[in-house]
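Letter by letter, the chains look like this.
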Amino acid sequence: MSTCQLSFDTSLGFISIIEDQGLITHIKFQKLDNKEPSLQLLKAKDEIRQFLNKKRKELTFKTKVTGSKNQLKVWKQIKKVPYGKCVSYKNISKQTKIHPRLVGKICGENRLPLYIPCHRIIRSNGSLGGYSARGGINLKKKLLKIEKLNK
C-alpha cells in the first residue's frame, strides 16, 4: 500500500487526511489534492464529520503516531483528556514530568489534531493559549464550542 490522501469540506473549512499503509498519519486543516481514497480514509472522514456534527465524541480510526519519547508521552496523556473538558499545560506537565513550555511546543507538533485533542489543553489561568493548526486560536475556540454544546 502507498500513501493516499483525502480532502473534504466541513463547517470548519477543508480538512485533509493522509494515510500510509492503512494507518492515518496526518490530519490537516487545509485542502490537498485527493489521491486514491481508501476505505480507511473514508472511515476517518465519516468519523470526523460525525465528530464535527456532534454525533461522535471520540475518533477511533487506526493511526500511526510517531515522535520522540517526550512527544509520545505528552500525546498519550492528552489523549486521556475527556471530551468536553479542558486541562492546563501545567497539568499535563505534572503528569508527564515535562516542562509546561515543552508541553505547549509538543502540542504544536501534533500531526493528528482532533484524534489527539490538543485543542483541550489551555493555560493555567483559563486562557486558551495557542493552536498550531491552520485557523489558530479561532479554530481552537470553534472546536471547544462544538464539544461544550454537545456535553
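The rules we used
Residues numbered from 1 in each chain as written. Predicted model: local features only at pLDDT ≥ 70, side-chain atom pairs only at ≥ 80, totals over all residues. Heavy atoms only, no water. Buried < 20%, exposed > 50% of the residue type's maximum accessible area, 1.4 Å probe, protein only. Helix = DSSP H or I, 4+ residues; strand = E, 2+ residues; numbered from the N terminus. Arc of directions from axis to C-beta. Contact = heavy atoms within 4.5 Å. Expected span 1.5 Å × (residues − 1). Polar contact = N/O pair within 3.5 Å; in protein donor to acceptor, adjacent residues only side chain to side chain. Axes fitted to C-alpha atoms, helices over the stretch in contact; angles between N-to-C directions. Parallel < 35°, antiparallel > 145°, perpendicular 65-115°, else oblique. Left-handed = near helix turned anticlockwise from the far one by under 90°. Nonpolar A, V, L, I, M, F, W, Y, C, P; charged D, E, K, R; others polar.

Could you give me a rundown of helix H4 (residues 100-108), with the residues and numbers involved?
Inspection of H4 places Val103, Ile106 and Cys107 among the buried residues, and these make up the whole buried set. All buried residues of H4 lie within an arc of 105 degrees about the axis, which places them on one face of the element. The inward-facing, buried residues of H4 abut helix H2 (69-79), helix H3 (89-96) and strand E5 (121-122).

Give a detailed account of helix H1 (residues 39-52), specifying residues and quantitative values.
The terminal C-alpha atoms of H1 lie 20 Å apart, and with 14 residues this matches the ideal 20 Å at 1.5 Å per residue to within 8%. Residues of H1 that are buried include every one of Gln40, Leu41, Ala44, Glu47, Ile48, Phe51 and Leu52, and no others. Projection of H1 onto a plane perpendicular to its axis shows the buried side chains occupying an angular sector of 130 degrees, all on one side.

Mind laying out the environment of arginine 49, listing which residues take part and the relevant values?
Take arginine 49: it is sitting in helix H1. Separated by 40 residues in the primary sequence, arginine 49 and aspartate 9 place their C-alpha atoms 9.5 Å from one another. Contact partners of arginine 49, with chain neighbours within four places excluded, come to Phe8, Asp9 and Thr10. At a separation of 3.0 Å, a polar atom in the side chain of arginine 49 contacts the main-chain carbonyl oxygen of aspartate 9.

Describe the packing of H2 against H3, naming the residues involved and giving the relevant values.
Running from N to C, H2 and H3 cross one another at 120 degrees; their axes reach a closest spacing of 10 Å. Judged by the inter-axis angle, H2 sits oblique to H3. The two elements H2 and H3 cross, and the hand of that crossing is right-handed. Along the contact surface, H2 presents Lys73, Val74, Gln77 and Ile78, while H3 presents Ile92, Gln95 and Thr96. Taken together, the residues that form the contact of H2 with H3 break down as 3 nonpolar, 3 polar and 1 charged.

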